[in-house]
Amino acid sequence: KAGVTQTPRYLIKTRGQQVTLSCSPISGHRSVSWYQQTPGQGLQFLFEYFSETQRNKGNFPGRFSGRQFSNSRSEMNVSTLELGDSALYLCASSLEIGGDTQYFGPGTRLTVL
Amino acid sequence: DAKTTQPNSMESNEEEPVHLPCNHSTISGTDYIHWYRQLPSQGPEYVIHGLTSNVNNRMASLAIAEDRKSSTLILHRATLRDAAVYYCILRDYPGGGADGLTFGKGTHLIIQP
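The text that follows walks through the structure, step by step, so that each part is easy to find. (Residues numbered from 1 in each chain as written. Chains lettered and ligands numbered in written order. Predicted model: local features only at pLDDT ≥ 70, side-chain atom pairs only at ≥ 80, totals over all residues. Heavy atoms only, no water.)

1. Describing the state of the cysteines
A covalent bond between the sulfur atoms of two cysteines is what we call a disulfide. Under the counting rule described, the total for this entry stands at 2 disulfides over all chains. One disulfide bridge connects Cys23 of chain A with Cys91 of chain A, the sulfur atoms lying 1.7 Å from each other. Given an S-S torsion of about -50 degrees, the disulfide between Cys23 of chain A and Cys91 of chain A has left-handed geometry. Taken together, the residues span a long stretch of sequence, with Cys23 of chain A in strand E3 (residues 19-24) and Cys91 of chain A in strand E9 (residues 87-94) at a distance of 68 residues. Here Cys22 of chain B pairs with Cys88 of chain B through a disulfide, and the sulfurs are 2.1 Å apart. Taking the sign of the torsion about the S-S bond as the criterion, the disulfide between Cys22 of chain B and Cys88 of chain B, at about -85 degrees, is left-handed. Highlighted residues: Cys22 of chain B in strand E2 (residues 18-23) and Cys88 of chain B in strand E8 (residues 84-92), separated in sequence by 66 residues. (Disulfide = S-S within 2.5 Å. Helix = DSSP H or I, 4+ residues; strand = E, 2+ residues; numbered from the N terminus.)

Given below as structure tokens:
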């Protein structure tokens, strides 16, 4: 069974731009969570989607948003990029919402210049 | 979720057992103890989880103290591929947790050849 895939793997943007990241969960997994990892803050939870609805949300500004499609694939969007948004963005899938085992993708490395 | 405390780093020799401690003195009765690890340049990877009894799987063993205020992840025979950051995470119920996984700083495990 294929693992969680994320595209693109690397991205360079400039301040003020917006970016969309994509995540394809493991086949059969219905929940997708997003995390941000930075050297200073570590791994932080962004949000979780299940059945095309955002179910849980971490403490991030509204510039960070996401959506989930009927095939469970998910996208996250960051608008009006700031230098501090430079990070590794990780997607994780699990069978059900708040699933006990989360399977992570390799991440998308976003650099904001 | 309750807080966990782990050593910042540990060092071990290849082919020797490794015991990674985690303190969680404020654990609640419904908190499961999860361990994830993150290898360099990869997303986190599930290792093991348990509630009260010791648990074993192909990757590791989890020893949980009788009062559940601490636990130890045991790698029976460390290899260079086990060099990673190991995270001890508490999660309410196997399917619970409204805020995703709460990652701390983790323990950076160094394996010497």
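2. What to know about unusual backbone geometry
Here the residue pair Thr7 of chain A and Pro8 of chain A is connected by a cis peptide bond, since its omega of -10 degrees sits within 30 degrees of zero. If you trace the backbone, Pro8 of chain A turns up in the loop between strand E1 (5-7) and strand E2 (10-13). For Ser51 of chain A, which is not a glycine, the phi torsion comes out positive at approximately 50 degrees. Among the structural elements, Ser51 of chain A can be located in the loop between strand E5 (42-50) and strand E6 (53-57). Ser51 of chain A gets classed as partly exposed once you look at its relative accessible area, which sits at 39%. For Arg68 of chain B, which is not glycine, the phi dihedral falls at a positive 65 degrees. With respect to the helices and strands, the residue Arg68 of chain B is situated in the loop between strand E6 (61-64) and strand E7 (70-75). (Buried < 20%, exposed > 50% of the residue type's maximum accessible area, 1.4 Å probe, protein only.)

3. Points about the side chain of Ser74 of chain A
Residue and element names in this part refer to chain A. Here Ser74 is to be found in strand E8 (residues 74-78). Looking at Ser74, its side chain comes within polar contact range of the side chain of Trp34, at 2.9 Å. Among the polar contacts listed, one links the side chain of Ser74 to the backbone oxygen of Arg67, at a separation of 2.9 Å. Setting aside its immediate chain neighbours within four residues, Ser74 contacts Leu21, Ser22, Cys23, Val32, Trp34, Tyr49, Arg67, Gln68 and Phe69. (Polar contact = N/O pair within 3.5 Å; in protein donor to acceptor, adjacent residues only side chain to side chain. Contact = heavy atoms within 4.5 Å.)

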